[in-house]
Amino acid sequence: MDAHVDNTTRNIVDTKPKVTARDVNVYYGEKHALKNVSIDVPERSVMAFIGPSGCGKSTFLRCINRMNDTIPICRVTGEIKVDDRDIHDPKLDVVQLRARIGMVFQKPNPFPKSIWDNVAYGPRLHGLATSKADLDAIVEDSLTKAGLWKEVKDRLQDSGTGLSGGQQQRLCIARAIAVDPEVILMDEPCSALDPIATAHIEELIDHLRSRFTIIIVTHSMQQASRVSQRTAFFHLGNLVEEGSTEQIFTNPHETRTQDYITGRFG
Amino acid sequence: MTDATMMDVAPTRRIDFDSAAAQNRVKARYRAEARFRAYGIAALVVTTLFLVMLLGDVLIKGLPAFWQHSLTLEVSVAAADVDPQGTGRPEVLRAGDYTAIVRRTLSDRFPEAKSRQDRKLLFGLLSSGATDVLRDRVVADPSLVGKTVRVPVLLSDDVDLYFKGASTKIVDRAGRGILTASAATGEITVSSTSNDFADELVAIKKSVKVRADAMSTEADRLAAVVHDMAADIETVEKSLAAARSSGDAAAVERAEKDVANRRTDLAAMQAKVTENRDAARELTRRFDDPKTPETLDASLPSLLVAMNGGLVKITRLGDVSFQGRVLLPLKSTADAAAGSWKLVTYQTPEANRRVTDQEIAWLEALRADGVVTNAFNTAFFTTGDSREAELAGIRGALVGTALTLLVTLAICLPLGVAAAIYLEEFAPKNRVTDLIEVNINNLAAVPSIVFGLLGLAVFLNFFDLPRSAPVVGGLVLALLVMPTIIIASRAALKAVPPSIKEAALGVGASHQQAIFHHVLPLALPGIMTGTIIGMAHALGETAPLLMIGMVAFIVDVPGSITEAATVLPVQIYLWSDLPEVAFQSKTAAAIIVLLGFLFVMNGTAIWLRKKFERRW
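Everything numeric here is computed off the predicted structure, so don't read it as measured data.

J.: Go over the overall build of chain A with me, naming the residues and quoting the values.
T.: Each helix and strand in chain A was counted, giving 11 helices and 10 strands. Taken over C-alpha atoms, the radius of gyration comes to 18 Å for chain A, in line with the 18 Å a tight globule of 266 residues would show. By its C-alpha atoms, chain A is 55 × 45 × 35 Å across when sized along the principal axes. Evaluated residue by residue, chain A yields a buried proportion of 47% over its 266 residues. Contacts in chain A between residues at least 24 apart in sequence constitute 70% of all its contacts with a sequence separation of at least 6.

This is how it looks when you write it as structure tokens:
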């Protein structure tokens with residue numbers, strides 16, 4: 001137990017943290033899914049969560065935008081702050097929180113509407129633009145940032161579900177960045193994609209880093225090493241080790257991390 | 001690793017597909033599959049057969065009801081009948097005596113129908129609503145008074161059925177001899193120079209023989225009964241003798257009474273036997289003598305002779321001559337040459353039809369005049385119910401159904417969908433909601449008559465809503481359909497993948513926004529399908545409506561949801577109960593209309609499902 005606290009205190013980063021978590025515990029009914037996780041996520045960088053299946057990395061990701069609230073049996077304790085603001089503050093509106101913290105899911109899940117509607121939904125909902133022209137500008141900007149504009153600019157009224165898997169996932173990213181969030185949570189965004197589409201997305205993540213704080217959950221060690229600046233390793237609900245990606249992959253402090261990275265388990 | 005080495009290592013569990021046992025297993029599997037396929041096809045064939053039989057029966061019975069026969073008559077609208085004062089006011093014109101006008105036209109066509117009975121018969125050809133069209137026209141256009149108008153005059157249901165071929169088959173053949181009639185009207189005697197009627201006479205005599213045989217069989221049966229009765233009397237007499245010898249006065253008296261009663265019965269029975277035997281003997285005698293004229297009665301096919309422009313019904317037939325009654329007067333009593341006259345047979349005996357020979361004679365004469373028209377029965381769709389089959393329509397029932405279903409839809413769609421959304425998306429999952437859920441499912445299985453009783457107790461007796469009204473019918477049906485709609489809507493909501501909702505939540509939509517913006521629109525086709533199927537269910541429902549008084553005989557087309565009305569299935573139920581033959585056809589026609597609506601509704605549901613079906 002003490003070791004984990006040590007871990008986190010040791011790894012406080014120099015830049016101002018965007019997301020800070022302290023002693024976060026998550027219970028699914030009787031199951032203790034996440035144990036005393038404390039971590040700081042630096043601003044404008046990519047942090048990767050790695051670990052074997054069921055280690056709690058996705059659960060923790062979903063704590064950050066309080067997506068776990070939608071699961072009735074789920075209970076979260078501890079403190080998570082985004083920009084020094086407690087996200088469990090009863091005065092804080094969870095819907096506004098989610099608008100500030102975008103999310104990209106494992107399986108591409110565009111709305112079964114037109115590409116334009118998919119991207120424009122969030123801005124319209126939050127009143128970021130009222131006129132059609134403003135919305136058009138946001139849609140173009142978001143799709144350009146997501147690297148999809150060139151491919152779909154002539155068929156914005158086509159259904160979003162008609163795109164290929166990789167395009168759908170980029171559409172979902174465009175939808176997430178259309179509301180200009182501060183943090184983007186990505187839950188294994190490439191697990192349903194082929195290598196070429198994956199490369200596209202990874203390139204995109206690298207671009208987006210300059211503007212957004214990105215937290216990505218991935219099963220692929222290569223992906224983590226390619227796209228992230230910092231990496232956190234989870235195991236059995238514990239945060240085992242967190243550090244710069246280079247350090248984690250070349251010189252991990254913990255043997256469990258070492259074993260996982262070298263493929264001895266998981 | 002090669003097969004050879006595998007065999008060496010572990011040969012024990014390897015299946016030998018060439019062995020007889022394995023081949024038998026394969027064959028058995030093939031047989032089982034073929035059998036199963038055969039069962040499936042057989043089930044399908046039987047089902048299709050039943051369906052085709054049902055639909056075919058309904059169509060064959062019902063389709064003729066969509067057409068109706070009427071007379072197109074030239075009637076002169078006399079001012080004396082409709083507007084003696086010449087006011088030209090609609091209410092005066094509406095009260096005019098149009099029946100007299102039409103009847104006069106008909107009397108002019110058949111002047112021979114002078115007796116009260118004949119005239120009653122003649123006017124009976126017309127429907128009691130025969131003059132409706134004429135009245136409407138004259139009221140709409142008062143300038144018609146004093147003019148001759150060509151109008152359709154509705155015929156009675158029996159006449160309509162006659163023209164539809166339901167009554168009797170008519171065959172005729174040309175005569176060979178020269179006919180001489182004794183008179184042009186009334187009871188006449190007609191003789192031929194040839195034995196033209198010998199064949200018919202033989203046929204009649206054959207039927208006489210059949211009756212004779214039947215009577216003698218009956219006589220034999222009765223004779224056997226007489227024999228048994230005589231034996232019984234002997235037994236009783238023996239017990240009487242025994243009683244006498246024992247001196248039991250009471251027993252003697254009882255036995256004597258018994259014997260006397262039995263003797264009376266025996267005598268009556270013996271008389272019956274004799275009667276039957278005599279009748280049989282008489283009939284046989286008639287059969288044996290081919291020349292004796294035969295009297296035709298209503299139980300035999302009717303024979304008629306069409307000669308000299310008239311029609312004579314044969315009452316007593318010989319082989320070269322007959323006595324008959326003139327149904328349509330002959331134009332002359334001159335001799336009718338061979339081939340110029342016809343022997344006509346109405347094959348169904350008069351006793352078995354609803355139109356008499358005289359009526360058929362008139363109707364055929366009218367048909368020959370070319371005034372009988374068969375037109376699409378628009379009145380069936382534009383009038384309400386009636387006691388007269390030819391006037392009865394389904395407009396009232398259709399409007400009643402529409403109003404009732406509107407009330408049902410207005411109540412159960414918003415309530416049902418709202419309940420489904422709340423239960424599926426918002427309600428906490430606990431004991432209370434579990435209980436509600438179980439009870440909704442139970443409600444879907446409650447017999448519909450129970451909802452009718454509930455409606456009677458709550459809406460009529462407690463809330464004092466009007467009886468027989470679509471508003472109550474709609475409320476009851478809404479209760480009936482609500483569980484169906486809730487269950488279908490919940491299933492549709494559940495079928496929307498949660499990833500859609502998560503995506504919406506992820507971009508910062510609230511729970512409610514996510515549901516109303518994304519989940520509900522995607523579930524809507526499913527909800528619509530469920531609703532339409534529920535409404536189709538309500539459309540065909542009868543039992544609960546009987547309980548709230550929608551089973552009344554209502555002529556007027558309802559104008560609002562609080563007026564008395566009936567609905568299509570109840571109308572079918574009411575008509576199916578009526579004895580008139582024409583109503584059977586109306587019943588089937590109404591069923592066709594109901595089925596048509598059901599097909600359209602279910603078709604719409606399928607179309608919606610196909611059109612908006614999505615795959616994720």
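On we go from here.
J.: How would you sum up the overall build of chain B? Please name residues and give values.
T.: Counting secondary structure elements, chain B contains 21 helices and 11 strands. Against the 2.2 N^0.38 benchmark of 25 Å for 616 residues, chain B shows a C-alpha radius of gyration of 38 Å, more extended than a compact globule. Among the 616 residues that make up chain B, the fraction classed as buried is 35%. Sequence-distant contacts in chain B: of pairs separated by 6 or more residues, those separated by 24 or more amount to 74%.

J.: Let's hear about the packing of helix 20 (residues 568-576) of chain B against helix 21 (residues 581-612) of chain B: which residues, and what values?
T.: Relative orientation and spacing of two packed helices are given, respectively, by the angle between their axes and the distance between those axes. Residue and element names in this part refer to chain B. Following both chains from N to C, one finds helix 20 and helix 21 inclined at 160 degrees, their axes separated by 9 Å at the closest point. Here helix 20 lies roughly antiparallel to helix 21, going by the angle between them. Crossing hand, helix 20 versus helix 21: left-handed. Together, Leu 568, Pro 569, Gln 571, Ile 572, Trp 575 and Ser 576 of helix 20 and Phe 583, Lys 586, Thr 587, Ala 590, Ile 591, Val 593 and Leu 594 of helix 21 make up the contact between the two elements. For the contact of helix 20 with helix 21, the residue count by class is nine nonpolar, three polar and one charged.

J.: For the interface of chain A and chain B, give the residues involved together with the corresponding values.
T.: With 21 residues of chain A at the contact, the number on the chain B side is 15 residues. Going through the elements one at a time, helix 3 (94-100), strand 6 (101-104), helix 4 (115-125) and helix 7 (165-177) of chain A are the ones with two or more residues in the side of chain A that touches chain B. Looking at the side of chain A that touches chain B element by element, the count peaks at four residues for helix 3 of chain A. In the side of chain A that touches chain B, the residues fall into 12 nonpolar, six polar and three charged.

J.: Can you explain helix 11 (residues 357-369) of chain B? Please cite residues and give values.
T.: All names here are of chain B. If you check helix 11, its first and last C-alpha atoms are 18 Å apart, about what 13 residues at 1.5 Å a residue would give, namely 18 Å. Along helix 11, the positions that sit buried rather than exposed are Asp 357, Gln 358, Glu 359, Ile 360, Ala 361, Trp 362, Leu 363, Glu 364 and Leu 366. Where helix 11 ends, the next residue or the one after it, Gly 370, has phi of about 80 degrees, a positive value.

J.: Can you break down the confidence of the model for chain B residue by residue, with the values?
T.: Residue and element names in this part refer to chain B. Per-residue confidence for chain B gives a mean pLDDT of 87; residues scoring 70 or more make up 98%. Below a pLDDT of 50 lies the segment residues 1-7, which in the model reaches one contact outside its immediate sequence neighbourhood of four places, other chains included. For this predicted complex, the interface score ipTM comes out at 0.86, while the overall pTM is 0.77.

J.: Mind laying out the nonpolar core, listing which residues take part and the relevant values?
T.: Residues Ile184(A), Ile215(A) and Val102(B) are the most contacted members of the largest nonpolar core, which totals 212 residues. The biggest single contributor to this core is helix 16 (residues 470-495) of chain B, with 15 residues. Residues contacting Ile184(A), with those up to four places away along its chain left out, are Gly102(A), Val104(A), Ala176(A), Ile177(A), Leu208(A), Phe212(A) and Ile214(A).

J.: With reference to specific residues and values, describe the pairing of strand 2 (residues 31-42) of chain A.
T.: Strand direction decides the pairing type here: strand 1 (residues 17-28) of chain A and strand 2 of chain A, joined by eight bridges, are antiparallel. Among the inter-strand pairings, Thr20(A) is bridged to a residue of strand 2 of chain A, identified as Asp40(A).

J.: Break down the environment of Asp23(A) for me, citing the residues and quoting the values.
T.: All names here are of chain A. Here Asp 23 is to be found in strand 1. In this structure the C-alpha to C-alpha distance between Asp 23 and Glu 202, which are 179 residues apart in sequence, comes to 31 Å. Each residue touching Asp 23, except ones within four places of it in the same chain, is listed here: Asn 36, Ser 38, Gly 78 and Glu 79.

J.: Account for the environment of Phe322(B), with residues named and values stated.
T.: All names here are of chain B. Mapping Phe 322 onto the fold places it in strand 9 (residues 321-328). For Phe 322, a count of 28 C-beta atoms within 10 Å puts it in the buried group. Counting along the chain gives 36 residues from Phe 322 to Gln 358, while the straight-line C-alpha distance between them is 18 Å. The contact partners of Phe 322, leaving out residues within four places of it in the chain, are Val 190, Phe 197, Ile 314, Arg 316 and Leu 317.

J.: Tell me about the sheet that holds strand 2 (residues 148-154) of chain B, and please be specific about residues and values.
T.: All names here are of chain B. Strand order in the open sheet formed by three strands is 2-1-11, with antiparallel pairing between adjacent strands. Both outer strands of the open sheet, strand 2 and strand 11 (372-376), are each paired with one neighbouring strand and no more. Neighbouring strand axes in the sheet, compared pairwise and without regard to direction, differ in orientation by 40 degrees on average. Relative to strand 11, strand 1 (residues 67-76) is paired through five bridges, and the arrangement is antiparallel. Each residue of the ladder has a partner; that of Leu 71, found in strand 11, is Val 372. Across the face of the sheet, helix 5 (residues 98-109) comes into contact with strand 1 and strand 2 while running at roughly 90 degrees to strand 1.

J.: Tell me what's going on with the domain arrangement of chain B, and back it up with residues and numbers.
T.: Each assigned domain of chain B is listed here: domain 1 (13-167 + 353-377), domain 2 (170-199 + 296-352), domain 3 (200-293) and domain 4 (395-612). The C-alpha centroid of domain 4 of chain B is placed 64 Å from the C-alpha centroid of domain 2 of chain B.

J.: Give a description of unusual backbone geometry that names residues and reports values.
T.: Excluding glycine, a negative phi dihedral is what most residues carry, and trans is how most peptide bonds are arranged. Residues and elements named next belong to chain A. Positioned with a positive phi, Arg 44 is a non-glycine residue whose angle comes to about 45 degrees. Position of Arg 44 among the secondary structure elements: in the loop between strand 2 and strand 3 (46-50). Under the C-beta neighbour-count criterion, Arg 44 is labelled partly exposed, with 15 such atoms within 10 Å. With phi around 50 degrees, Glu 188 is a residue other than glycine that occupies positive phi space. Among the secondary structure elements, Glu 188 is positioned in the loop between strand 7 (183-187) and helix 8 (195-208). On the basis of neighbour count, Glu 188 is assigned to the buried category, with 20 C-beta atoms found within 10 Å.

J.: Help me get a handle on the packing of helix 2 (residues 20-62) of chain B against helix 21 of chain B, residues and values and all.
T.: All names here are of chain B. Taken N-terminus to C-terminus, the directions of helix 2 and helix 21 make an angle of 125 degrees; their axes are 7 Å apart at the nearest point. Considering the angle they form, helix 2 stands oblique to helix 21. Helix 2 and helix 21 meet at a crossing whose hand is left-handed. In contact with Val 58, Leu 59, Lys 61 and Gly 62 of helix 2, helix 21 contributes Gln 584, Ser 585, Ala 588, Ala 589, Ile 591 and Ile 592.

J.: Can you explain the environment of Ile248(A)? Please cite residues and give values.
T.: Its place among the elements puts Ile248(A) in helix 10 (residues 245-250). Overall, Ile248(A) belongs to the buried group, with 26 C-beta atoms counted inside 10 Å.

J.: How would you summarise the confidence of the model for chain A if you had to cite specific residues and measurements?
T.: Averaged over every residue, the pLDDT of chain A is 87; residues scoring 70 or more account for 94%. Long-range and interchain partners of residues 1-13 of chain A, a stretch whose pLDDT sits below 50, account for 16 contacts in this model, where long-range means more than four residues apart.

Conventions used here
Residues numbered from 1 in each chain as written. Chains lettered and ligands numbered in written order. Predicted model: local features only at pLDDT ≥ 70, side-chain atom pairs only at ≥ 80, totals over all residues. Helix = DSSP H or I, 4+ residues; strand = E, 2+ residues; numbered from the N terminus. Rg over C-alpha atoms; globule rule 2.2 N^0.38 Å. Buried ≥ 20, exposed ≤ 12 C-beta atoms within 10 Å, placed from the backbone. Contact = placed C-beta atoms within 7 Å. Axes fitted to C-alpha atoms, helices over the stretch in contact; angles between N-to-C directions. Parallel < 35°, antiparallel > 145°, perpendicular 65-115°, else oblique. Left-handed = near helix turned anticlockwise from the far one by under 90°. Nonpolar A, V, L, I, M, F, W, Y, C, P; charged D, E, K, R; others polar. Expected span 1.5 Å × (residues − 1). pLDDT = per-residue confidence, 0-100. Core = buried A, V, L, I, M, F, W, Y, C linked by C-beta atoms within 7 Å. Pairing = 2+ DSSP bridges. Domains from an automatic or database assignment.

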